Each structure stands twice: as C-alpha cells, then as structure tokens.
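The residues making up each chain are set out below.
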Amino acid sequence: MIIVLIGYMASGKTSVGKKLAKKLNYKFIDLDDYIVEKENMSVTEVFKEKGEIYFRKQESFYLNKLLKSKKNRVLSVGGGTPCYSGNMDVILNSKNVNSIYLKASLNTLVEKLMRKKATRPLIAHIETETEMTEFIGKHLFERVQFYNQAEIQVAIDNKTKDEIVEDIILELF
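In this report, we go over the structure that sits alongside the text. All values reported here derive from a predicted model rather than from experimental measurement. (Residues numbered from 1 in each chain as written. Predicted model: local features only at pLDDT ≥ 70, side-chain atom pairs only at ≥ 80, totals over all residues. Heavy atoms only, no water.)

**Quick notes on the sheet that holds strand β2 (residues 27-30)**
- Ordered in space as β2-β3-β1-β4-β5, the five strands form an open sheet in which the pairing is parallel. Because the sheet does not close on itself, it has two edges, and the strands there are β2 and β5 (152-155). Recorded for the sheet is a direction-independent mean angle of 25 degrees between the axes of neighbouring strands.
- Relative to strand β3 (residues 73-76), β2 runs parallel, the two sharing four bridges. Paired with Phe-28 across the two strands is Val-74, which belongs to β3.
- The strands that helix α2 (residues 31-39) touches are β2 and β3; relative to β2, the one it contacts most, it runs at about 75 degrees. (Pairing = 2+ DSSP bridges. Helix = DSSP H or I, 4+ residues; strand = E, 2+ residues; numbered from the N terminus. Axes fitted to C-alpha atoms, helices over the stretch in contact; angles between N-to-C directions. Contact = heavy atoms within 4.5 Å.)

**As for unusual backbone geometry**
- The phi angle at Asn-40 is positive, at roughly 60 degrees, despite the residue not being glycine.
- In this fold, Asn-40 is placed in the loop between α2 and α3 (43-50).
- The exposure class assigned to Asn-40 is exposed, which follows from its relative accessible area of 71%. (Buried < 20%, exposed > 50% of the residue type's maximum accessible area, 1.4 Å probe, protein only.)

Shown next, in the form of structure tokens:
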C-alpha cells in the first residue's frame, strides 16, 4: 500500500509521514526531497533556474513514477502537488494508494508558519500575523477543493504527531 499525505505547508506531512512509516515499517519518501535528489538542485534552485512550469512537470513525472511502485511506502507531497497537472486525479485513481489530508485550521497554520517563515521562501517576506492570515486564507481557499478530495481527512489541530499517526492508522486499518 502507498499512503499519500497531502495538506497545506506546515500541516506535518513530512514529520507525521516519517513517524507513520516507522510505525508501519514502510519506507518514507518526501516528494520534494526526491525531486531534489533526481534534479541535483534544491526546489528553490529549480524554480529559479528552470521555472515553475518545469518544476510542476517534473513533480508530476516523479509522482506518477512513485505511485506505480508495488512497495509499501508513505509519500508526503508538497502543498501544491495535488493542485496541478491532474495530480489529485492520479493519486485517487492509482491502485493500492490511499490519500490522507492532514487538515489544519487557519489559526494553526498561521501560528506554525509565523515561527517557520524564514525556512519557507513562499512566505519569508510576510511581516505580520495579519498578512500571514490573509495570505494563507487566500491560498488555502484555492487549494482546499483539491485537498478535500482525499479519501481520508485527519484533523491535526491540538494533537501530537503520535496522536495524528494513531488517527491515520485507525482510519486505514
């Protein structure tokens, strides 16, 4: 089985994904890290040197490749991955693949991202909590239609990573 974790940035896709994979004895793959390895440059460098269209094409190519695997794994994808190139349809229509939306409230995302903005190029320029709330609110509004198509939704607000992993396992098995 392939478990695909989707959701907005800072929803815990990577950290929860690693814990989930360990608990299930599955391999963990972060799609962005996989792209970095294959392209031999950071995601930021790919965007800068080759452009977003190139990145999105490669993202879709590697996603398709990983979803064809017969091996058990947990795959976390970038926040934008489900929203481009028909990727959500590919995830939903792939055999032996379960999609899980790690659903966070706007307040939770703002709180987490205000602390992490220096490491996130998309939001590094945002100064105030009000600006962050407006940015994420608009962005989430555009993306949630894709996220909501996931087969399973797990709320992450006020939960530890271990609690989120347990919720996922209960939903899957």
